[in-house]
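Examination of the molecular architecture
In case you want the letters, here they are:
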Amino acid sequence: RFVGTARLVAAAGQARLGCVESIWFPLAGIPLAAWGTLGNSNFLGVYLAIVAPLAPLWLLPLLCLGLLASKCLVGVVALSAGLAVRYGRQAWPWLGLGGALFAAVVLLKQQGAFLGLAARLQVAALVLGRVAGSGWEHWLAGYGPGRWKVLVPLWQLRAGAPQSNWFIEAHNDWLQLLFEGGAIAMILVLLWIWTHRRMFAGAYGGAVAAIAVAALGMFVFHLVTVGLLCILVLGCATGPDADQQEGV
């Protein structure tokens, strides 16, 4: 319970700081979204999205405002998935909230709302095309741990991608897992998920779903701040007494 309370207190503090930054940054002429103390607005967004399904109802408005301040579309989608899993048949109001947050972030970001998505799709197409033309051993065992940041930016340079779009990490943990570990690593992870599939139905199910979705648009397991949170949530969700835990 102490760890769960500390997790909520930390998330509330980050959300509160994000709300303050969303007011102060425009006044100071800083054209950036809020990032709390995490150093990046997307890091803040996915952090709050993972914690929100574990939070009591009275804390959700603050976490949603912090997520809105981060302008993180990946975080909004992850939050919607997490709340939908947590509330099950009563999920429709929460999906509506997620849709409203998504629309609000798009309006706030305007023309730049989907630039990140376009860059992610471009690098995914480049990498999958390269792998498709390589030997079977790369499909089976991948290019090796940590090889993404060595190879992919070089491929992007040769393809003429601007430096601002060079991806040191894949911005998709599933894609990076396949690239670095191949089919073997992907199958092992999917078997682990299948073995522990009850974690989606337990007290931590919403947070687990948020992690799975966030990993599609961010490199959550390659960040110390968010990665430790993911490991903690997954550890609690797969523990022997996970069904009896309150999810806080």
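Residues numbered from 1 in each chain as written. Predicted model: local features only at pLDDT ≥ 70, side-chain atom pairs only at ≥ 80, totals over all residues. Heavy atoms only, no water.

As for the overall build of the protein
The line we're drawing: A run of H or I in DSSP becomes a helix once it reaches four residues, and a run of E becomes a strand once it reaches two; helices and strands are each numbered from the N terminus. In this description the radius of gyration comes from C-alpha coordinates, and the expected globular size is given by 2.2 Å times residues to the power 0.38. The buried label goes to any residue with under 20% of its type's maximum accessible area, the exposed label to any with over 50%, and the partly exposed label to all in between, with areas taken from a 1.4 Å probe on protein chains only. Note on contacts: a residue pair is in contact if any heavy atoms of the two residues lie within 4.5 Å.
Per the secondary structure count, the protein includes 11 helices and zero strands. Rg of the C-alpha trace for the protein: 19 Å, near the compact-globule value of 18 Å for 248 residues, within the 12% margin. Reported as C-alpha extents along the three principal axes, the dimensions of the protein are approximately 55 × 50 × 30 Å. Out of the 248 residues belonging to the protein, those deemed buried represent 43%. The contacts of the protein with a sequence gap of at least 6 include a subset with a gap of at least 24, amounting to 70%.

Some details on the nonpolar core
The nonpolar side chains of a soluble globular protein tend to be buried, and buried together. Condition: The criterion is simple. A nonpolar core is a set of buried Ala, Val, Leu, Ile, Met, Phe, Trp, Tyr and Cys residues joined through side-chain atoms within 4.5 Å.
Counting 52 residues, the largest nonpolar core has Ile 50 and Val 233 as the members making the most contacts within it. Taken together, the elements giving at least two residues each to this core come down to helix H1 (2-27), helix H2 (41-51), helix H3 (60-70), helix H4 (73-87), helix H5 (92-109), helix H10 (205-217) and helix H11 (224-237). In terms of residue count, H2 provides more of this core than any other element does, eight residues in total. When sequence neighbours within four positions are dropped, the list of residues in contact with Val 233 reads Ile 50, Leu 54, Tyr 204, Ala 207, Val 208 and Ile 211.

Digging into helix H8 (residues 148-158)
Within H8 the residues assigned to the buried category are Trp 148, Leu 151, Val 152, Pro 153, Trp 155 and Gln 156. Buried positions along H8 lie against helix H6 (115-132) and helix H9 (173-195). Gly 160, located one to two residues past H8, shows a positive phi value of around 85 degrees.

A short note on H9
Rules: Between the first and last residue of a helix there are one fewer steps than residues, each counted as 1.5 Å, and that sum is the expected span. Think of it this way: the bend at a residue is just the angle between two axes, each fitted to seven residues, one set ending at that residue and the other starting at it.
Between its terminal C-alpha atoms H9 stretches only 20 Å, short of the 33 Å expected from 23 residues at 1.5 Å a residue. Of all the bends found along H9, the most pronounced is centred on Gly 181 and spans about 125 degrees. Three or more residues of H9 are buried, namely Asp 173, Leu 175, Gln 176, Phe 179, Glu 180, Gly 181, Gly 182, Ala 185 and Met 186.

Considerations on the packing of aromatic side chains
Put simply, the test is: Side-chain rings of Phe, Tyr and Trp (the six-membered ring for Trp) are treated as a pair once their centres are within 6.5 Å; stacked means planes under 30 degrees apart, edge-to-face means over 60, and tilted covers the remaining angles.
Considering all chains together, one arrives at seven aromatic pairs under this definition. Where Tyr 143 meets Trp 155, the ring centres are 5.9 Å apart and the plane angle is 75 degrees; that geometry is what we call edge-to-face. Here the residue Tyr 143 occupies a position in the loop between helix H7 (136-141) and H8, and Trp 155 occupies one in helix H8, the gap between them amounting to 12 residues. Overall, Trp 155 belongs to the buried group, its relative accessible area being 7%. Taken together, Tyr 143, Trp 148, Trp 155 and Phe 179 form an aromatic cluster joined through their ring pairs.

Here's the deal with the side chain of His 171
Heads up, the rule is: In the analysis that follows, any N or O atom pair within 3.5 Å is treated as a polar contact, provided that within protein one partner can donate a hydrogen and the other can accept it, and provided that, for residues neighboring in sequence, both atoms belong to side chains.
Topologically, His 171 is positioned in the loop between H8 and H9. At 3.1 Å, the side chain of His 171 and the backbone oxygen of Glu 169 are in polar contact.

Some thoughts on the pattern of salt bridges
Just so we agree on the cut-off: A pair is scored as a salt bridge if a Lys or Arg side-chain nitrogen falls within 4 Å of a carboxyl oxygen belonging to Asp or Glu.
Under the criterion given, the structure shown has one salt bridge. For Lys 149, the salt bridge is made with Glu 169, and the minimal N-O distance between the two is 3.3 Å. Of this pair, Lys 149 sits in helix H8 while Glu 169 sits in the loop between H8 and H9, and the two are 20 residues apart along the sequence. Relative accessible area serves as the criterion here: at 42%, Lys 149 is assigned to the partly exposed category. Note on Glu 169: relative accessible area 10%, which makes it buried.

Remarks on the environment of Asn 172
Locating Asn 172 in the fold gives a position in the loop between H8 and H9. Sequence-wise, Asn 172 and Ala 214 are 42 residues apart; in three dimensions their C-alpha atoms are separated by 8.3 Å. Not counting residues within four places of it along the chain, the set of residues in contact with Asn 172 comprises Ala 215, Leu 216 and Met 218.

Overview of the packing of H10 against H11
Applicable threshold: To obtain each axis, a line is fitted to C-alpha atoms, and for helices this fit is confined to the stretch in contact; angles are then taken between N-to-C directions over 0 to 180 degrees. Angular relationships are summarised with four words: roughly parallel below 35 degrees, roughly antiparallel beyond 145, roughly perpendicular across 65 to 115, and oblique for the angles in between. By the definition used in this description, the sense in which the near helix is turned from the far one sets the handedness, with an anticlockwise turn below a right angle giving left-handed and a clockwise turn giving right-handed. All residues other than Ala, Val, Leu, Ile, Met, Phe, Trp, Tyr, Cys, Pro, Asp, Glu, Lys and Arg, Gly among them, are scored as polar; the first ten of these are nonpolar and the last four charged.
At their nearest, the axes of H10 and H11 sit 10 Å apart, and the two run at 135 degrees to each other. In terms of their interaxial angle, H10 and H11 are classed as oblique. In terms of crossing hand, the pair formed by H10 and H11 is left-handed. Where H10 approaches H11, its residues Ala 207, Val 208 and Ile 211 are matched on the opposing element by Cys 230, Val 233, Leu 234 and Ala 237. The residue inventory of the contact of H10 with H11, partitioned by class, reads seven nonpolar, no polar and no charged.

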